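Structural overview
Okay, here's what each chain looks like letter by letter:
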Amino acid sequence: MTHRLDATDPLASYRDRFVGAETSLVYFDGNSLGRPLRATGPRLAGFVEEEWGGRLIRGWDERWLELPQRIGDDLGRVLLGAAPGQATIGDSTTVLLYKLMRAAVAGRPGRSEIVLDRDNFPTDRYVADGVARECGLTLRWIDVDVTAGVTAEQLAEVVGPQTALVVLSHVAYRSAWLADVPELTRIAHEAGALVLWDLCHSAGSVPTSLDAWGVDLAVGCTYKYLNGGPGAPAFCYVASSLLDELTQPIQGWLGSVDPFLMGPSYVPAPGIRRFQSGTPPIVGMLALQDMVALIDEAGIEAVREKSVALTSYAVEVADSLLAPAGVVVASPRDPARRGGHVTLQHPLMREVTSVLWERDVIPDYRDPGGLRIGLSPLSTSFAEVERGLEMVRAALAGLTA
Ligand SMILES: *Cc1c(COP(=O)(O)O)cnc(C)c1O
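Residues numbered from 1 in each chain as written. Predicted model: local features only at pLDDT ≥ 70, side-chain atom pairs only at ≥ 80, totals over all residues. Heavy atoms only, no water.

1. Observations regarding the overall build of the protein chain
Inclusion rule: A run of H or I in DSSP counts as a helix once it spans at least four residues, and a run of E counts as a strand once it spans at least two, with each numbered from the N terminus. What the globule rule says is 2.2 Å times the number of residues to the power 0.38, and the radius of gyration is computed from C-alpha atoms. Remark: exposure states derive from per-residue accessible area (1.4 Å probe, protein chains only) relative to the maximum for the residue type, with buried under 20%, exposed over 50%, and partly exposed in between. For this count, His and the chain ends are skipped, Lys and Arg are scored as positive, and Asp and Glu as negative. Charge coordinates come from a single atom per side chain, which is NZ of Lys, CZ of Arg, CG of Asp or CD of Glu.
A tally of regular secondary structure across the protein chain gives 12 helices and 13 strands. For 401 residues, the compact-globule formula gives about 21 Å, and the C-alpha radius of gyration of the protein chain, at 22 Å, lands near that figure. Its C-alpha atoms put the protein chain at 70 × 55 × 35 Å along the principal axes. In the protein chain, buried positions account for 56% of the 401 residues. Across the protein chain, 35 positive and 49 negative side-chain charges occur, with their mean positions spaced 2 Å apart.

Following this line, the structure appears as structure tokens:
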């Protein structure tokens, strides 16, 4: 029987476009690795046969060299709120974080601190630590409530004339806290600092207006809500006002002004291409184009509406079904402050996760005691949420019997 909420969901039919949606498996990890689209198999095969196999090295001149920036522009238009020429697809998120952090601190000489929060994603913290050591800077930490995230008051307390860069996540990977990007960006700018936003847990599920919000720099994953496949390359955004001013540390030939001149020394290209380093990973950026096209078709605002409906429903079911067993919602209850996942806390959730994986219910686990329910808006149904959370209840009951 169709779930009452699926029956009235205007985006319900999009689920059929994903591989595996016809099975009874419950997938709660679209925020970690999105399902493939059915269109992706034929696209990959077609690429091998026609473009790679048919065009061979001519492919670079005909299409591939421009592809990272073309997809960057699509991302900007469909989900980032960015005018063309400011985004590109490149390395892993981790490497792009390094490049943008180094570019930013070099762009604010004489300032001694990078501000970030203790619950930011590990790779963000580790890269910042390395950049600080390399450049003789100090990390200034914000302590946060791990069931929420960084507030305007907390940021205002730590920024000042010493701040070179503020590094924050749009959606906190643990709690799903949705940061107030325009307000936090304004506070950093008032102190004269640059801001780098990590959009990994929002890109494709929560819209942004990077240009309108005055964001300086951003990075994001494409294998989570953008369904680009395992290890698909990340994107970066650099505001047009900074493109001539900032330079990045991995100065390779394909980020230089005229790569095929094979000149004696590096001169950075004008525009976003200067943030590229070497040969772009074309094969890795094929699949995500199908998802960007799908989000374009559905509309990112409608995608966000469905996301809010899914997480609100998950909270409602958790309250009625799981709270009696001692499960606590460790995500914001206000949907305006919540991204696309919900974290449910109980001391036995690590064990619950193992039981669920054996039963084809796939959430993931994050300390302390957090079961993360990731709800990819276009591939997740309300029936799936209900069935999955019922299985959580049964697993907990089995473990405590
Ligand atoms: C997933 C994620 C990353 C991953 O970085 P990789 O370089 O792709 O491994 C980084 N930051 C955040 C906030 C994430 O959610």
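After presenting the structure, the write-up continues.
2. Describing the sheet that holds strand β13 (residues 370-374)
Threshold: Here a strand pair is declared whenever DSSP counts at least two bridges between the two strands. We call two residues contacting when some pair of their heavy atoms lies within 4.5 Å. Think of each axis as a best-fit line through the C-alpha atoms, taken over the contacting stretch in the case of a helix, with angles from 0 to 180 degrees between the N-to-C directions.
The sheet built from 4 strands is open, its strands ordered β9-β10-β13-β12 with antiparallel pairing. Strands at the two margins of the open sheet, each flanked by one partner only, are β9 (328-329) and β12 (364-366). Looking at chain direction, β9 and strand β10 (residues 341-345) are connected through 2 bridges and run antiparallel. Bridging across to β10, Val328 finds its partner in Gln345. Here helix α10 (residues 300-322) sits on the sheet in contact with β9 and β10, set at roughly 20° to β10.

3. A short note on unusual backbone geometry
A cis geometry characterises the amide bond from Asp367 onward to Pro368, with omega recorded as -5°. A positive phi angle, close to 60°, is found at Asp360, a residue other than glycine. Tracing the chain through its elements places Asp360 in the loop between α11 (349-358) and β11 (361-362).

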